[in-house]
Amino acid sequence: MKPAIAALLLAQGFSGPAAAQPFGPRLPEEALITVTAPAGPGRVFTPVVGLSGEALLDRQPRSVADALRGLPGVSVRTNSRGETVARVRGSDERQTLVFLDGAPLAVPWDGRVDIGLIPAGLIGGLTVRKGAGAIEYGANAVAGIVDLTTRQAGGVAVAQAGPYGLKHLSAAGVMPLGALSLTLAATHQTQGALPVARLSALPFSQPASDRRLNTDLAATGLFAGLGGTAGALEWRASVLNIDAHRGIAPESDRNPGSARFWRYPDWNLTQAQIALELPIGAATARAIGWRQWFGQEIESYRDASYTTLRGREINDDDTVGGRFTLSHPIGPATLRWSLSGQLSDHHQTDVAIPPGTRPAAQLYRQSLASGGVEADVPLGNTRLTLGLGLDRSANPRTGDKPGQPARQAATFSAALALKPADRVSLTVSGGRRNRFPSARELFGEALGRFLPNPALLPEQAWLADAELGWRAGRFTLTLTPFWQRVEGSIGQRIVRTNGVNLRQRFNQAPATSIGVDAAMQVPLADGLTLELTGTALDASSAGQPLLQRPAQEAMLALDWAPREAFDLRAELRRIGPARDLAPDGTLARLAPATEINLRARVPVLRLGKVQVSATAAIDNLTNAVILPQLGLPQPGRSIRIGLIVGG
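Small disclaimer: the values here were computed from a predicted structure and weren't measured. (Residues numbered from 1 in each chain as written. Predicted model: local features only at pLDDT ≥ 70, side-chain atom pairs only at ≥ 80, totals over all residues. Heavy atoms only, no water.)

Draft legend 1. Representation of the pairing of strand β29 (residues 567–575) within the structure. Of the two faces of β29, only the one carrying D567, R569, E571, R573 and I575 is buried; L568, A570, L572 and R574 on the other face are not. When strand β28 (residues 552–560) meets β29, the two strands line up antiparallel, connected through eight bridges. Its bridge partner lying in β29, E553 is registered against I575. Linking β28 back to β29 in an antiparallel pair, the connection comprises six residues, with R563 at a positive phi of about 50°. Note that β29 and strand β32 (residues 593–607) share nine bridges and pair antiparallel. Looking at β32, one finds that L568 is bridged to A600. (Buried < 20%, exposed > 50% of the residue type's maximum accessible area, 1.4 Å probe, protein only. Helix = DSSP H or I, 4+ residues; strand = E, 2+ residues; numbered from the N terminus. Pairing = 2+ DSSP bridges.)

Structure, rendered in C-alpha cells:
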C-alpha cells in the first residue's frame, strides 16, 4: 500500500542512509549535490516532515503554498500584499527560508518569497526542517526551512480547469542524454478571480458579487536543469524563471481610506545556479553558487475602482551568492565545515501621481555571510551533532535613509538521537539562531504605508524541542513538544504622523512560543489510511498574543487507494482562533474555522506504459469563512477537474 503521506519523517534516531535501519524517514528522492543539508551515517537532524512526488500528486496542489497546508507545525497565509508565506511553529515568515535544490529563493530586499507563485509542477519533493536547523542554511534560517527539490526521474503532466477562469497546466520530465541528465519543466496558471465565501465578511471594497475584487492571476514558470559527471566530479546547472501579473484583494475590513488598492502588473523572478560535488579521499567537498534577478512593479490606486493611479513602485534586484562545505572524518567523528555569503543590490523608484515624474532610483545594498562547523559524534547507541558558527550582516548602501552599522552574532546548536526502546526513537535538539532585518524592514515605506525604522536590531532565537517517534507496522506516531524565545523580535505598531496612522516595525519585548506538533498515520484496512496532523501553539510577547498565530491547526484525512486502482482523499482542517491588529491599533479576534477538501484520482487508460488518470478537487467544500488576517479571507469553494499523465 502506498502511504498517503510519503514522509511524516519520524525520529532522527532512525535517520541516515543505511538500509538496515528497522524503520526510518523516507525523504523525497534527491541527488546529493542538490541537498542543502545531506544526511550522513552519524548526523542528527532537528525534526523534519516532507512529501514525495507521489504524495504531491494525490494532494493536487497548484503551488508550493498548497502543498504545505496540513503539514504539522506549518501555517500558510496570504498577506495584504497578496504574497503567500509560510510560518513554522508560530515564527515570523522571514524566519522561514525557502530553498530550491540547495539555493535560497528569498528576495533579499524583503527576506521572503511568494510561495503562492512557485508552481508545484516544478517540484519533485519537499521537506520542512524545524527548529535549530543545519549549519549549511546560514544566517536568517531561524525557526524553519522549506527545502524544495526538482524532479530527478520520470515525468508527469497535469491539466486542470475550473470556474472563474481557472486553468492549471504543468509538465515536468527527466531525460537521459548519454552521460548527461536533462530536466525540463513548464507550468502555466490563470484565474479570473477568487470565489467569495460570504459577502457579509467583506463589508468594504467588495461589490455584490461572488468574485473577489481584483484577484486575477496569470503566471508562467519555466525550469531547465542539466547534470552529469566529469571524472569524480558530479555537477548540475539549472535555471528557473517565473513571470506573473496579478491583482491584490483589498483589505475589506476597513474604511477605503486606509485600505490598499494594489496591482502587480509585472513580477519576475529568475534564478540560475550550479552545484558541484567532489570526493577528495575520505572527505567530500560541495559547492553551490547562485545568481538571482528579481523585478516587480507595484501600482497603487486611489479607490476600489482601480482606475486612478496614486503611485507606482518599481523594484529591480540583483543577487549573487554561494556556499562551500567540506565534510571529513576525524577519528570516530565527522566534521562538516560551511562557509556561505550573499550580496544583493536593490534599486527602487517611487513615483508619486501626480505629478507622475520618475525620480532617480535609490540603491540599497545588503551583504550576508555565515561560517561555522558541525561535528557528528557517536556515543555508543546514541548520536550527537554539535554546531558552532558566526553570522554577519552589513548594509553599505541605504538609499536616502540613514546608514546602519554592520552587525554579527554567534550561532550554536546540539542534537542528540536516542533509541530508548524497540520501535521507539527520541531526538532532543536546541540552539540559537540569528535573523538580521531585511533592507525593506529597515528602510521600506510601502508607498506611504510604513514609517521606516533604520535602528532595528537583529533577532536572536533560542530554540528547543524533543521529538518522540513510535512505529508498529504501518502505524506511526510522532509527538514533538517545542519551545522558542526570540529576543529583539520584530513586530508592528501604529504611529500617528502628521495626522496619518502609519505602521512601523520595532524590536518588541521577547516573544515566546510554546507548543506541540503531532502526526499520526493509522492503517484502517487494505489501502485505507487515516492521517491526523496538527499543532497547538501559545505565542505571546509581553503578555500580548503574537498576531495571526492560530491557537491550533489540525488536519484529519482519509486516504483510500486500494491496490492503487484509484486514490480518493478527504481532508478536514480546523484552524483555531487568533488575534490581529485592527486599523486603529487595537487587537481584534480572528474566529476559528473548519475547511473540508476533497481529492480524487482515477486511472482511465494507458498510453503504452504511461497511465492517464482523471482528477477532481474541491477546496473549501462548505464555503467556510477562514480569516488568516483581518479583511483578507481565504477563497470560497473552488472546483477543479482535469487529467494527470504519468507520475
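Draft legend 2. Just empty space enclosed by the protein, in detail. Enumeration according to the criterion identifies 18 cavities of 30 Å³ or more in this entry. Its boundaries defined by the atoms lining it, the second largest cavity holds a volume of some 320 Å³. In this structure, the second largest cavity is lined by 25 residues; those nearest its centre are L97, A139, N140, Q342 and L368. Breaking the lining of the second largest cavity down by element, the ones donating at least two residues are β4 (96–100), β16 (333–352) and β17 (362–379). For the lining of the second largest cavity, the element with the most residues is β17, which contributes four residues. For the lining of the second largest cavity, the per-class residue count stands at 12 nonpolar, nine polar and four charged. (1 Å grid on protein atoms, 1.4 Å probe; cavity = no way out; pocket = protein on both sides within 12 Å on 5 of 7 lines; lining within 4 Å. Points joined across faces, edges and corners; volume = space filled by probe spheres on them. Nonpolar A, V, L, I, M, F, W, Y, C, P; charged D, E, K, R; others polar.)

Draft legend 3. Layout of the pairing of strand β14 (residues 283–301). Counting buried residues in β14 gives 14 out of 19 residues, a clear majority hidden from the surface. Where strand β13 (residues 262–280) lies against β14, 17 bridges are found, and the strand directions are antiparallel. Its bridge partner lying in β14, Q271 is registered against Q292. Hairpin connection between β13 and β14: a loop of two residues separates the two successive antiparallel strands, and G281 in this loop has a positive phi of roughly 65°. Where β14 lies against strand β15 (residues 309–330), 18 bridges are found, and the strand directions are antiparallel. Residue F294 lies in a different strand from β15, and its bridge partner there is D317.

Draft legend 4. Summary view of the nonpolar core. By size, the foremost hydrophobic cluster in this structure holds 51 residues, and its most contacted members are L68, L105, I115, I118, L126, V128 and L148. Excluding residues that lie within four positions of it along the chain, I115 makes contacts with S63, V64, A65, L68, T84, V85, A86 and V98. Membership of the second largest hydrophobic core comes to eight residues, among which are A37, F99, A134 and A141. (Core = buried A, V, L, I, M, F, W, Y, C linked by side-chain atoms within 4.5 Å. Contact = heavy atoms within 4.5 Å.)

Draft legend 5. Summary view of the pattern of salt bridges. The full count for this structure, using the stated rule, is 43 salt bridges. Across the salt bridge formed by D318 and R291, the nearest N and O atoms sit 2.7 Å from each other. You can see D318 sitting in strand β15 and its partner R291 sitting in strand β14, a full 27 residues away along the chain. Residue D318 is classed as partly exposed on the basis of its relative accessible area of 29%. In this structure, the salt-bridge partner of R336 is E374, at a minimum N-O distance of 2.8 Å. Placement of the pair is R336 in strand β16 and E374 in strand β17, with a sequence separation of 38 residues. Summarising the burial analysis for this pair, R336 and E374 share the class buried. Each of the salt bridges in this network shares a partner with another, and the network as a whole consists of R77, R81, E83, R87, E93, R94, D110, R112, R435, R440, E441 and E459. (Salt bridge = Lys/Arg side-chain N within 4 Å of Asp/Glu carboxyl O.)

Draft legend 6. View of a nonpolar patch on the surface. Together, V604, L605, L607, V610, L643 and V645 make up a nonpolar patch on the protein surface, roughly 480 Å² of accessible area in all. Elements with a contribution of two residues or more to the nonpolar patch: β32 and β34 (638–646). No other element matches β32, which puts three residues into the nonpolar patch. In this fold, L607 is placed in strand β32. (Patch = residues over 30% accessible without salt bridge, like charges linked within 9 Å, V, L, I, M, F, W, Y side chains within 5 Å. Areas by Shrake-Rupley, 256 points an atom, 1.4 Å probe, with all protein chains shown as cover.)

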